[in-house]
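Here is how the chains run, residue by residue.
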Amino acid sequence: MNPILTIVTKRLLIGLLTLWIVTVIIFAAVELLPGDIATEMLGQAANEETVAAFRERFNLNGTVFERYVSWLAGAATGDFGVSLANQRPISEFVGQRTANTFFLAAYAAAISVPIAVVAGMMGALYNGSVFDRMLSSSTLAAISFPEFFIAYILILVFSVSFGWFPSLANVDVDAGLGERLYKTFLPAMTLTLIVLAYMMRMTRAAILNLLALPYIEMAHLKGIKRWRVIAVHALPNALAPIINVIALNLAYLIVGVVLVEVVFVYPGLGQVLVDAVSNRDVTVVQAACLIFAATYILLNLLADILSIIANPRLLHPR
Amino acid sequence: MSDVLLDMKNVAIEGWSDRRWKPIIKGVDLTLKRGEILGLIGESGAGKSTLGLAAMGYTKGGCRISGGSINFDGQDLTRASNEALRQLRGKRIAYVAQSAAAAFNPAFKLIDQYCEAPVQHGVMSKTDAQKDAVELYRKIRLPNPDTIGFRYPHQVSGGQLQRAMTAMAMACRPDLIIFDEPTTALDVTTQIEVLAAVRDIVREYNTAAIYITHDLAVVAQMADHIKVLLRGEEVEQAPAREMLANPQEDYTKSLWAVREFRRAPPVAREGGEETLLDITNVSASYGAQKVLDDVSLKIRRGSTVAVVGESGSGKSTLARVIMGLLPPTEGEILHDGTPLPKLGTKRSRGLQRHLQMIHQMADTALNPKQRIKDVIGRPLEFFLGLKGAAKEARIRELLTLIELDPDEFMHRLPSELSGGQKQRVCIARALAAEPSFIICDEVTSALDQLVAEGILRLLDRLQRELDLTYLFITHDLATVRSIADDVVVMQNGVIVEQGPKDDIFSPPHAPYTELLLSSVPEMDPDWLTNILKNRREKPLQ
């Protein structure tokens, strides 16, 4: 068998295993919460019948194992059960929210990844120059501020002073793509500023690492233009670390956006999570955690597989 | 059109180290006519590569051309703009690097790397360049010239890569090629093919070349003129045959003399021949791949057994098996008549003490953070339990034994030593355990000839004084001739031939031994021509 298939299959299986372990941990964590959920929700005064009905409705009967299996089976098909707080099916309102979060993340990634890679390459090309140092320090400054601070600065400049973009990103379900892109521009910019520095610095470092290698020197001695040496000779060999840092940052774009969503009142998954935590809505917390965890694992899995494929020795075995 | 292609006058190059500019090349002249090959020889650090690269108007990072002029076909490269230099490089002056495996970009096919320079310089279109590549691959006698270009560098052997790189340098039909030790990393049997290919193609296109090497016999085959460099200065220059027959300067003579070291014949031992290590039917594998196949070998106490063979022949694996780093799948090893546990970790400390090893790269075999006294002190403490003053006294003794002044060297770090001194420290570390048997794994191959000779003399003296037994792994047959008692020839994990040195080195040989012996370049400038002629008339095997 092609070695790359073997490695990729192995990685996939490990990814699935990790995901399964995560479901066990999330489920167990909720089980370990003190007190009985039914009496907790209905209050001490609730009568036996109400409690029994509640248990029936929220799938609280049966052994831990039975409940885990039915929860897992539901989650696998997108059915996360019913919210404790408002009794609506979780998938109904979480689905749209998840889509919103993914949209915002994709928007930010579409801006930040190309900028980061190109800026990283420019940094490597003009290594040590004023331009390089400006690039490094300005992006470093951007990640040094907390994201809500950056968000407020952007609001202050672009919506209060200039009035170019709205400060609220409250998109409706039926908003068109153009309107969505317009309304979510500031949150996307905030996220871009936060993830840009890591990705740019890693791209720059990964390329600089290679510049002392004989095949890069060889390219120079063949009279290849500097820009082409970086883009054609160095970049393809630096892909593995770059892919990894991009994947980590994409995961952050989805998981770490809570504050940004709150600032811009964006109807994403982060807001759901915040509400659920303050309402002690454990089934929703469970669902949100599972979505976050799955995103993290899948993105890292994808990064692993891509960086394996980026290795010519594995892709083209002897 | 002037006859002189390259004219370097009083070239000086400096490198930035210890916060100041230090001279690397101290005013060297170099003139090269069209179609002429100049051999540039000297030890490492002599500035050969630096001077070679300067002929392209290029310096490595941290270096600068500080004086003189480099006139290439009417253009002064020291004054040329970066863009002008870029347009010369690859197109009119090409470069062939020492390690082709490292100098090819791992991410692209050979033919794409071939086509890059002609296409980027606008010499020809990609399709034409591809056709041209196949043509040159054929001329340079690469196997399957039509398809080999579509492979990735890691899919091609070292010798073939080196030839592909020579073809690549030819792509724009340059006027000048700089060959920077192109065969140093290759086995002798592979080297011969690369040398022949390089010589033929350079002659065919009447390309001028600067051939950089530290191997005199190689330069004798390739060059019209030879220039000897020492610490950034020219020692002498003369036509190749003249220089070989009649070197003028003492330094040049000393380079020639290295190959004459012979150890004193061993003194007959009292009590006959005692076997120290008896290796019987040993096989070993890495995963599913068998790398040692049924190897049997007896090593007499006090003798030196040389193991020779190409890379991949299983020499180093044999050393790993003896040291217990790789357990054999079959067979056993008797030490002084008792079987050795297969894994080193299962051997008693006393047994480990008896078997020591010296590695090829002294650089990486020494912990850069440990001072010399700690490097040598560790085995003293670990194996012999020495502490305090006793340990220090022994460290001093050992340093004296390896001819390094204890007061000067005890407190130094490895980075403050030269290559030869580092290898001496490694020897002292092995001796500290008071072993009876030492494996020397290519201990001189990373060193210059003069330094290597010093190490060989030292090992020889130590053997006589301390009654040591050596297993000497090497691919250099000159070393074998100078120090071995017995020789073992290995190929593909199998022992092809073994016996006393004189038997192995005198005919009749086993076919592989013959190939190996005849592939070692000789100082005779006609050697390559003759050997190729012989081989075409009488193919081996």
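What you are looking at is a predicted structure, and each value in this text was computed from that prediction instead of being measured.

## Considering the overall build of chain A
Along chain A, the regular secondary structure elements total 16 helices and 0 strands. For chain A, the proportion of its 318 residues judged to be buried stands at 35%.

## A look at the overall build of chain B
Each helix and strand in chain B was counted, giving 22 helices and 20 strands. A compact globule built from 541 residues should have a C-alpha radius of gyration of about 24 Å, and chain B, at 25 Å, falls within 12% of that. In terms of its C-alpha atoms, chain B occupies a principal-axis envelope of roughly 75 × 55 × 45 Å. By the burial criterion, 44% of the 541 residues in chain B qualify as buried. Within chain B, contacts between residues at least 6 apart in sequence are counted, and of these 68% link residues at least 24 apart.

## Some words on the pairing of strand β14 (residues 330-335) of chain B
Along a regular strand, successive side chains alternate from one face of the sheet to the other. Residues and elements named next belong to chain B. As defined by bridge partners, strand β11 (residues 275-286) adjoins β14 across 5 bridges and the pair is classed as antiparallel. Across the sheet, residue I279 finds its bridge partner in β14, namely I333. As judged from the 2 bridges shared by β14 and strand β15 (residues 338-339), these two strands associate in the antiparallel manner. Bridging across to β15, H335 finds its partner in T338. Once β14 ends, the chain turns through 2 residues before running back antiparallel as β15, passing D336 with a positive phi of about 55°.

## Here's the deal with the interface of chain A and chain B
Taken residue by residue, the interface counts 16 residues in chain A and 24 residues in chain B. Going through the elements one at a time, α10 (214-221) and α16 (312-315) of chain A are the ones with two or more residues in the side of chain A that touches chain B. Looking at the side of chain A that touches chain B, the element that brings in the most residues is α10(A), giving 4 residues.

## As for the sheet that holds strand β9 (residues 225-230) of chain B
Residues and elements named next belong to chain B. Spatially, 6 strands are ordered β6-β7-β8-β3-β9-β10 in an open sheet, and the strand pairing comes out mixed. The two strands at the open ends of the sheet, each matched to only one other strand, are β6 (93-96) and β10 (233-239). Across this sheet, the average inter-strand angle for adjacent strands is 15°, counted without regard to direction.

## Quick notes on the sheet that holds β14(B)
Residues and elements named next belong to chain B. Taking strand neighbours across the sheet as the criterion, the 4 strands line up as β12-β11-β14-β15 in an open arrangement whose pairing is antiparallel. The open sheet has two free edges, formed respectively by β12 (289-300) and β15, since each of these has just one partner strand. Contacts from helix α11 (residues 315-323) reach β11, β12 and β14, with the element oriented near 70° to β12.

## Digging into the packing of helix α5 (residues 90-125) of chain A against helix α14 (residues 269-278) of chain A
Residues and elements named next belong to chain A. Between α5 and α14, whose axes approach to 7 Å, the crossing angle comes to 130°. In terms of orientation, α5 lies oblique with respect to α14. In this structure, α5 contributes V94, R97, T98 and T101 to the contact, and α14 contributes L269, G270 and V272. Among the residues forming the contact of α5 with α14, the class breakdown is 3 nonpolar, 3 polar and 1 charged.

## Observations concerning helix α6 (residues 158-170) of chain B
All names here are of chain B. When the terminal C-alpha atoms of α6 are compared, their 19 Å separation across 13 residues agrees well with the 18 Å that a helix rising 1.5 Å per residue should span. Within α6, 12 of the 13 residues are buried, which leaves it mostly tucked inside the rest of the structure. If you check which residues of α6 are buried, you get G159, Q160, L161, Q162, R163, A164, M165, T166, A167, M168, A169 and M170. Residues of α6 that are buried in the fold lie against β6, α3 (100-103), α4 (110-120), α5 (126-139), β7 (176-180) and α7 (188-204).

## Quick look at the nonpolar core
Counting residues in each nonpolar core, the largest one holds 160 residues, and the members touching the most others are A288(A), M165(B), I210(B) and Y211(B). Among residues more than four places away in sequence, those in contact with I210(B) are L32(B), L38(B), L40(B), G52(B), A55(B), I178(B) and F179(B). In this structure, A362(B), I402(B), V425(B) and A428(B) belong to the second largest nonpolar core, which totals 66 residues.

## Side note on the packing of α4(B) against α5(B)
All names here are of chain B. In contact at an axis separation of 9 Å, α4 and α5 are set at 125° when each is read in the N-to-C sense. One element, α4, and the other, α5, form an angle in the oblique class. When the axes of α4 and α5 are compared, the crossing they make is right-handed. For the pair formed by α4 and α5, the contact residues are I111, Y114, C115, P118 and V119 on the first element and K126, A129, Q130 and A133 on the second. Split into classes, the residues belonging to the contact of α4 with α5 amount to 7 nonpolar, 1 polar and 1 charged.

## So, the domain arrangement of chain B
Residue and element names in this part refer to chain B. Taken domain by domain, chain B comprises domain 1 (36-64 + 81-260) and domain 2 (275-502). Using only C-alpha atoms to locate each centre, domain 1 and domain 2 end up separated by 35 Å. Its residues assigned to classes, the side of domain 1 that touches domain 2 shows 2 nonpolar, 4 polar and 3 charged.

## Looking at the environment of A208(B)
Residue and element names in this part refer to chain B. Tracing the backbone through its elements, the reader meets A208 in strand β8 (residues 208-213). Residue classification places A208 among the buried positions, given that 22 C-beta atoms sit within 10 Å. A sequence separation of 176 residues divides A208 from L32, and the C-alpha atoms of the two residues are 7.4 Å apart. Once residues lying within four places of it in the same chain are set aside, the contact partners of A208 are L5, L32, K33, R34, G35, E36, D175 and L176.

## As for the pairing of β10(B)
Residue and element names in this part refer to chain B. Sheet topology note: the β9/β10 ladder contains 6 bridges and is antiparallel. If you follow H225 over to β10, its bridge partner there is P239. Where β9 folds back onto β10 in an antiparallel hairpin, the turn is made up of 2 residues, including R231, whose phi is positive at roughly 45°.

## Brief notes about unusual backbone geometry
In this model, V265(A) sits at a positive phi of 50°, which is unusual for a non-glycine residue. You will see that N492(B), though not glycine, has its phi angle at about 50°, which is positive. Residue position: N492(B) is located in the loop between β19 (486-491) and β20 (494-500). In this structure N492(B) comes out as partly exposed when scored by C-beta crowding, with 15 C-beta atoms within 10 Å.

## Remarks on the confidence of the model for chain B
For chain B, the average pLDDT comes to 85, and 96% of its residues sit at 70 or higher. For this predicted complex, the interface confidence comes out at an ipTM of 0.76, alongside a pTM of 0.78.

## Describing the environment of A54(B)
Residues and elements named next belong to chain B. Tracing the chain through its elements places A54 in helix α1 (residues 48-54). By the C-beta count within 10 Å, which is 26 here, A54 ends up buried. Linking A54 and A12, residues 42 residues apart in sequence, is a C-alpha distance of 9.7 Å. Among residues more than four places away in sequence, those in contact with A54 are V11, I13, T59, I65 and I70.

## Some details on the environment of F437(B)
Note on placement: F437(B) falls in strand β17 (residues 437-441). C-alpha of F437(B) to C-alpha of Q356(B): the two residues are 81 residues apart in sequence and 6.4 Å apart in space.

Cut-offs applied
- Residues numbered from 1 in each chain as written.
- Chains lettered and ligands numbered in written order.
- Predicted model: local features only at pLDDT ≥ 70, side-chain atom pairs only at ≥ 80, totals over all residues.
- Helix = DSSP H or I, 4+ residues; strand = E, 2+ residues; numbered from the N terminus.
- Buried ≥ 20, exposed ≤ 12 C-beta atoms within 10 Å, placed from the backbone.
- Rg over C-alpha atoms; globule rule 2.2 N^0.38 Å.
- Contact = placed C-beta atoms within 7 Å.
- Pairing = 2+ DSSP bridges.
- Axes fitted to C-alpha atoms, helices over the stretch in contact; angles between N-to-C directions.
- Parallel < 35°, antiparallel > 145°, perpendicular 65-115°, else oblique.
- Nonpolar A, V, L, I, M, F, W, Y, C, P; charged D, E, K, R; others polar.
- Expected span 1.5 Å × (residues − 1).
- Core = buried A, V, L, I, M, F, W, Y, C linked by C-beta atoms within 7 Å.
- Left-handed = near helix turned anticlockwise from the far one by under 90°.
- Domains from an automatic or database assignment.
- pLDDT = per-residue confidence, 0-100.

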